[in-house]
Amino acid sequence: MPSLFSRTRSGPAYPSHTKERALPFLLVAPTVAVLLALSIYPLIYAVKVSLQTEAGTAWTLQNFARLLRDDFFQAALAHTLVYAIIALTVEFLLGLGLAVLLNREMRGRSFFRAALLVPMMLPPVVVGVVWRLMLNPTFGAVNGTLQGFGANTEALTWTAHPTLAFASVILVDIWQWTPFMFLILLAGLQAIPQEPYEAALIDGSSPWQTFRHVTLPLLKPAILIALLLRTMDLLRVFDQIFILTEGGPGSATETISLYIHRTAFRFGDFGYAAAMSFVLLLLTNFISLAYIRLLKGQEAA
Amino acid sequence: MREGGRGTEARGRVMKYVLVVLAVLWALLPVYWMMTISLKHEVDQFAVPPKWFVFKPTLAHYADAFLERSFGQYLLTSAIVAVVSTLCALILGTLAAYGLARFRLPAKLNTRLALWILSTRMFPPIVTAVPLFLLMSDLNLLDTLASLVIVYTAFNLPFVVWMMRGFFNEIPREMEEAARVDGDSRLGALRRVVLPLVSPGLAATAVFCLIISWNEFLFALTLTQTDRSMTLPVGIAGRVTQYEIEWGVMSAAGVVAMIPILIFALAVQRYLVRGLSMGAVKG
Amino acid sequence: MNVQFINVTKSFGSAVVVDDLTLSTEEGEFVVLLGPSGCGKTTTLRMLAGLEDVTSGDILIGSERVNDLPTQARDIAMVFQSYALYPHMTIAENIAYPLRVRKTNREETKRRVREVASMLEISGLLERRPRDLSGGERQRVALARAIVREPRVYLMDEPLSNLDARLRVQMRGELKRLQHELGTTTVYVTHDQSEAMTLAHRVAVMRAGRLQQFDTPMNIYNRPANRFVAEFVGSPSMNFIEGQVDEGGRAFTSGQLILPLTEAQLDRTRGHLAVTLGIRPEHVQVSTGARDGSTPANVYVTELMGNETFVFLRLPGGEKIIARAPADFRAPEDTPVRVSFELERAAFFDAESGEALG
């Protein structure tokens, strides 16, 4: 039977070049489709919800106007920023210190490294459980140990006291995420070749000078990346605080993510929650772009 | 003079060990404390001063959590959701990564698409959580495993694409060129030559996806409502925030939620830096 | 099966890498594409393999236009510079791969692999993996994978460049013998002129994307089409002296240097004002005593090669030239010597265009 699709060449049917050319698009298309449907569409949906009245009948800017008058939102914003700045600073300094300590060959290094990374790998919920156990005012390990040394721990109510609670959630973040800084900075340190150090040694530079003039500049890209990734995570922090304090007592430890969650899922005010989401998104984008600019400048130099 | 130098050096080394051991204790003691609570009878749990080492162990809390209460089911849900979403993300993401790494697309689409895919990963989860909740409720998918699988697949996709793209880029192009000259099709070369070569990277990426899905909390919290679809983290969180907290049960569930993750993390140690920075820092 | 390039051009963006290449091989011919890096030779080979798209023009294998045929359908075999062995497969699996993707049955595959392995003397390596092999062994495996079936054309992309000098010479000979036995058209890319000269039936010299000359090795060496070919082929390189032809005096002049020309040479250079004379080092004689028609020169330095000596000379006009002298030639630096040229073997080029004259 003569076929419309008869080929000039015998042998196996090979795809034509044009068909092959479609292949990369076929490979990428499903992923793009999934992301459009589950990342981009929700975003657009959120824009719509945030710009409409609750009944969805009219367009309005009232959700955004409300942001300016909402003390809870402003407090949440302040909490988030203070939380991020303190945690970032402490985690960076501790992480750098640990990375420098463990950079040189030492006995048991791979064990120490693995052990130090444990907190970072834990499910955030487990971190919450661990620290509720540690910080419980009456029978937690922290106060229990302090009492064992004869201290009076009556005032140390941790998560029940506004200031202490805020300190507690930061402390927990530091506990969990210093390992991340440590890991990235250690990798950065180990990627630095030996020659600059040997040259500095021959030039008679002191250990501090070497650190200041050789290590830090060469480590800068790794530092920026570690700070960038941590900053983005800190600005969106939710899980551990939710378990540890639920934003309380009162709203003393409520960050933006927690407040958005409360607005949407306690009060059912999705429009306002979406509006706040955009502020968070903008804030995250703005800060990460600043980092990326720094990084690019770094690469150009 | 030289003696003094050697003295300081030795003191420095001791100091270094002291600091490192302190850091390790700081990292591990809280976790260890939770493990002891999960194994302690109630009397020992609340002892003052705390009993760190010596107590009579019991497995009662584990039996309580996983046999008496719903934690067994949460565990199963977590496992199903993690495995299925990881498989989906791995299949879609690996193909996309291969397309981006190995084909020349017009209009600089290779880089642009890769960056766009990465950027979707950078959204704070709460930003998409609200609209996704509304969407899933419109689709009648709230409180189903399907909704979690779908969301986790989308959440892991950028990660898979970005990781696998890096691994593909490390395989010399000549491998596929040789395979094609030898008569294999593009997908045949991917299956027979490239995938076997990136299999360690693929395995590491899979483990990362499992970890991410297993640990995920916010989406699970918003999209699930009943025992029908609750994952282990949501199950634990639900009990922790109640007034009457059963510490033993909580800790037992926490230990069980933690153990697979620690094993997985150990398995991908070599790729940890890469996985956590999505290749931004080569480890 | 023969291969034809008809007006083939390849450009990446605005950069033209292969410029209007027309070249066709004979059936069973061993053709070498020779040129410096960036001359477009590898791109040409990759277009033939289907690994790069053709911007314009046609490529034919036999009588079939293959432009739109994907690589795997072209029925070719290729040896890569890096060998591109599959690291996760044993040597036997590597060699069998082209048969496996064609679904050849097991017995046949086994038989062919064994046959090819014994032909290339790698039978003992079949169960090992590429990483356990030396460079020379890998090279043989790559060859074995190419010849395990009977493709229409063999393509080789600098296959010997990763071997050490001794092994390279040995494999070169074996390749030549192998190609002779198989009788399959082979297109071979190299930047090494000695490989080109020893292996090729015909050499295609390329430069900046353009074909300079396509001819037998002897003709390429003795009758280079232009100054570039003359300079690229031959080691040490041809000597060039810039000058003019003095029609009245029937001679080539360059400063004080005056070299008498024959009638035929005068005909060849007629009408060209500035002329470059090219003469190979073996056509320059150096002697310490005066001889008829010789030119004074100074020894700059000598290099003992064992079987001969390269003498670097400075002519009175300042030009540096190289002469090949017998192994026992000795002269310290700055020794005054006499040089004579075998002018009948000289080549002449237009100084401006570099094209050979005559």
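Note that the structure is a prediction, hence the values are computed from the model and not measured.

K.L.:
Go over the overall build of chain C with me, naming the residues and quoting the values.
P.N.:
Counting its regular elements, chain C contains 9 helices and 20 strands. Across its three principal directions, the C-alpha atoms of chain C cover 75 × 45 × 35 Å. Evaluated residue by residue, chain C yields a buried proportion of 41% over its 358 residues.

K.L.:
Got a sec to walk through the overall build of chain B? Specific residues and values, please.
P.N.:
Of regular secondary structure, chain B possesses 13 helices and 0 strands. Helices and strands appear in chain B in the N-to-C order α-α-α-α-α-α-α-α-α-α-α-α-α. In terms of C-alpha radius of gyration, chain B reaches 24 Å, well past the compact-globule figure of 19 Å for 283 residues. For chain B, the spread of C-alpha atoms along the three principal axes comes to 75 × 75 × 35 Å. In chain B, buried positions account for 49% of the 283 residues. If you take every contact in chain B between residues at least 6 apart in sequence, the share linking residues at least 24 apart comes to 75%.

K.L.:
If you had to explain helix 11 (residues 232-240) of chain B to someone new, which residues and values would you point to?
P.N.:
Most of helix 11 of chain B is tucked away: 7 of the 9 residues are buried. Buried residues of helix 11 of chain B: Leu232, Pro233, Val234, Gly235, Ile236, Ala237 and Val240 of chain B, and no others. Where helix 11 of chain B is buried, its residues meet helix 5 (124-135) and helix 10 (239-244) of chain A together with helix 4 (71-102), helix 9 (186-215), helix 10 (218-223) and helix 12 (247-267) of chain B.

K.L.:
Can you lay out the sheet that holds strand 18 (residues 320-326) of chain C for me, pointing to particular residues and giving the numbers?
P.N.:
The strands making up a sheet associate through backbone hydrogen bonding, with each pair oriented either parallel or antiparallel. All names here are of chain C. With respect to topology, 5 strands assemble into an open sheet ordered 15-19-16-17-18, the strand pairing being antiparallel. Two strands lie at the open edges of the sheet, namely strand 15 (284-287) and strand 18, each paired on one side alone. In this sheet, adjacent strand axes meet at a mean angle of 45° when their direction is disregarded. Sheet topology note: the strand 16 (residues 295-304)/strand 17 (residues 308-314) ladder contains 6 bridges and is antiparallel. The partner of Val301 across the bridge, within strand 17, is Phe312.

K.L.:
Give a description of the interface of chain A and chain B that names residues and reports values.
P.N.:
Contacts between the two partners involve 74 residues from chain A and, on the opposite side, 76 residues from chain B. Its residues placed into classes, the side of chain A that touches chain B shows 56 nonpolar, 13 polar and 5 charged.

K.L.:
Requested: an account of the pairing of strand 11 (residues 239-246) of chain C, with residues and values cited.
P.N.:
Residues and elements named next belong to chain C. Of the strand pairs in this sheet, strand 11 and strand 14 (residues 274-279) are connected by 6 bridges, and their pairing is antiparallel. In the strand pairing of strand 14, Glu242 is matched with Thr276. Pairing of strand 11 with strand 12 (residues 251-254) involves 3 bridges; the strand directions are antiparallel. The partner of Gln244 across the bridge, within strand 12, is Thr253. With antiparallel pairing between neighbouring strands as the criterion, strand 11 and strand 12 make up a hairpin whose turn holds 4 residues, including Arg250 at a positive phi of roughly 50°.

K.L.:
Account for the pairing of strand 15 of chain C, naming residues and giving values.
P.N.:
All names here are of chain C. Side chains of strand 15 alternate between two faces, with Val284 and Val286 buried and Gln285 and Ser287 left unburied. Here strand 15 pairs with strand 19 (residues 336-341) via 4 bridges, running antiparallel. If you follow Val286 over to strand 19, its bridge partner there is Val339.

K.L.:
Summarise the environment of Leu133 of chain C; cite the residues concerned and give the values.
P.N.:
Residues and elements named next belong to chain C. Within the fold, Leu133 resides in the loop between helix 3 (106-119) and helix 4 (135-147). Given 18 C-beta atoms within a 10 Å radius, Leu133 is considered partly exposed. Leu133 sits 120 residues away from Gly13 along the chain, and the two C-alpha atoms are 40 Å apart. With near-sequence residues (within four places) excluded, Leu133 lies in contact with Leu125, Arg128, Arg138 and Val141.

K.L.:
I'd like a description of the packing of helix 2 (residues 91-100) of chain C against helix 3 of chain C, backed by residues and values.
P.N.:
All names here are of chain C. Following both chains from N to C, one finds helix 2 and helix 3 inclined at 130°, their axes separated by 10 Å at the closest point. Considering their axes alone, helix 2 and helix 3 lie oblique with respect to each other. Crossing handedness for the pair helix 2 and helix 3: right-handed. Mapping the contact onto sequence places Ala92, Ile95, Ala96, Leu99 and Arg100 in helix 2 and Thr109, Arg112, Val113, Val116 and Ala117 in helix 3. Class assignment of the residues belonging to the contact of helix 2 with helix 3 gives a composition of 7 nonpolar, 1 polar and 2 charged.

K.L.:
If you had to explain the confidence of the model for chain C to someone new, which residues and values would you point to?
P.N.:
Per-residue confidence for chain C gives a mean pLDDT of 92; residues scoring 70 or more make up 99%. Two summary scores accompany this predicted model of the complex, namely pTM at 0.87 and ipTM at 0.88.

K.L.:
Mind laying out the sheet that holds strand 10 (residues 210-215) of chain C, listing which residues take part and the relevant values?
P.N.:
Residue and element names in this part refer to chain C. Taken in spatial order, the 6 strands make up an open sheet running 6-7-8-3-9-10, and their pairing is mixed. Both outer strands of the open sheet, strand 6 (76-79) and strand 10, are each paired with one neighbouring strand and no more. Between one strand axis and the next, the sheet turns by 20° as a mean value, whatever way the strands run. As paired strands, strand 7 (residues 153-157) and strand 8 (residues 186-190) are joined by 4 bridges and run parallel to one another.

K.L.:
Which residues make up the confidence of the model for chain B, and what values do they have?
P.N.:
Close inspection of predicted coordinates is inappropriate for parts of the model with low pLDDT. Confidence in the prediction for chain B averages 88 pLDDT; 94% of positions are at 70 or higher. Of all the helices and strands in chain B, helix 2 (residues 42-45) of chain B carries the lowest mean pLDDT, 79, while helix 4 of chain B carries the highest, 95.

K.L.:
Describe the packing of helix 8 (residues 173-181) of chain B against helix 9 of chain B, listing the residues and the values that go with them.
P.N.:
Residues and elements named next belong to chain B. Two elements in contact, helix 8 and helix 9, have axes whose closest approach is 9 Å; the angle formed by their N-to-C orientations is 140°. Comparing the axis directions of helix 8 and helix 9 gives the class oblique. For the crossing formed where helix 8 meets helix 9, the hand is right-handed. The segment helix 8 lies against helix 9, with Met175, Glu176, Ala179 and Arg180 engaging Arg186, Ala189, Arg192, Val193, Val194 and Leu197. Tallied by class, residues from the contact of helix 8 with helix 9 come to 6 nonpolar, no polar and 4 charged.

K.L.:
So what's going on with unusual backbone geometry? Which residues, and what values?
P.N.:
In this structure, the amide linkage connecting Ser235 of chain C to the following residue, Pro236 of chain C, adopts the cis form with an omega of -5°. In the Ramachandran plot, Ala107 of chain B falls in the positive-phi region, its phi being about 55° despite a non-glycine side chain. When you line up the elements, Ala107 of chain B lands in the loop between helix 4 and helix 5 (109-121). In the Ramachandran plot, Asp75 of chain C falls in the positive-phi region, its phi being about 55° despite a non-glycine side chain. With respect to the secondary-structure elements, Asp75 of chain C resides in the loop between strand 5 (64-65) and strand 6. Note on Asp75 of chain C: 21 C-beta atoms within 10 Å, which makes it buried.

Reading guide: rules and limits
- Residues numbered from 1 in each chain as written.
- Chains lettered and ligands numbered in written order.
- Predicted model: local features only at pLDDT ≥ 70, side-chain atom pairs only at ≥ 80, totals over all residues.
- Helix = DSSP H or I, 4+ residues; strand = E, 2+ residues; numbered from the N terminus.
- Buried ≥ 20, exposed ≤ 12 C-beta atoms within 10 Å, placed from the backbone.
- Rg over C-alpha atoms; globule rule 2.2 N^0.38 Å.
- Contact = placed C-beta atoms within 7 Å.
- Pairing = 2+ DSSP bridges.
- Axes fitted to C-alpha atoms, helices over the stretch in contact; angles between N-to-C directions.
- Nonpolar A, V, L, I, M, F, W, Y, C, P; charged D, E, K, R; others polar.
- Parallel < 35°, antiparallel > 145°, perpendicular 65-115°, else oblique.
- Left-handed = near helix turned anticlockwise from the far one by under 90°.
- pLDDT = per-residue confidence, 0-100.

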